[in-house]
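What follows is the residue order along each chain.
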Amino acid sequence: MFVPAGTPKDIVALLHGGVANIMALADVREQLSSLGFNPLANTPEQFDAQLRFELEKWGKVIRAANLRAQ
């Protein structure tokens, strides 16, 4: 889940708590797993770190291959 930059930390924490509670439900996890998802509810900090890692990794691939959006 993404929110606008600058969203107050208390709002981010509230949203994270709600999502984490939903992701803890067995039926939700089973349904998402059946669709091929790996359901998890990282902390906002973990999500930020993972997103930055993926952007850096795939950014290198895109630049190396000289890919451009059409």
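Here, every reference points to the structure presented above.
From a predicted model like this one, the values you see are computed outputs, not experimental measurements.

What counts, and where the lines are drawn
Residues numbered from 1 in each chain as written. Predicted model: local features only at pLDDT ≥ 70, side-chain atom pairs only at ≥ 80, totals over all residues. Heavy atoms only, no water. Phe/Tyr/Trp six-rings, centres within 6.5 Å; stacked < 30°, edge-to-face > 60°. Helix = DSSP H or I, 4+ residues; strand = E, 2+ residues; numbered from the N terminus. Buried < 20%, exposed > 50% of the residue type's maximum accessible area, 1.4 Å probe, protein only.

Colleague: Before we go on, may I ask you to explain the packing of aromatic side chains in this structure?
Modeller: Aromatic ring pairs are reported here in terms of the distance separating the ring centres and the angle at which the planes meet. Tallied over the entire structure, the rule returns one aromatic pair. An angle of 70° between the planes, with centres 5.3 Å apart, marks the rings of F2 and F47 as edge-to-face. Of this pair, F2 sits in the segment before α1 (9-23) while F47 sits in helix α3 (residues 44-64), placing them 45 residues apart in sequence. The class of F2 is exposed, set by a relative accessible area of 61%.

Colleague: Before we go on, may I ask you to explain unusual backbone geometry in this structure?
Modeller: The phi angle of most residues is negative, glycine excepted, and most peptide bonds adopt the trans form. In this model, N66 sits at a positive phi of 55°, which is unusual for a non-glycine residue. One can find N66 in the segment after α3. The exposure class of N66 is exposed, given its relative accessible area of 52%.

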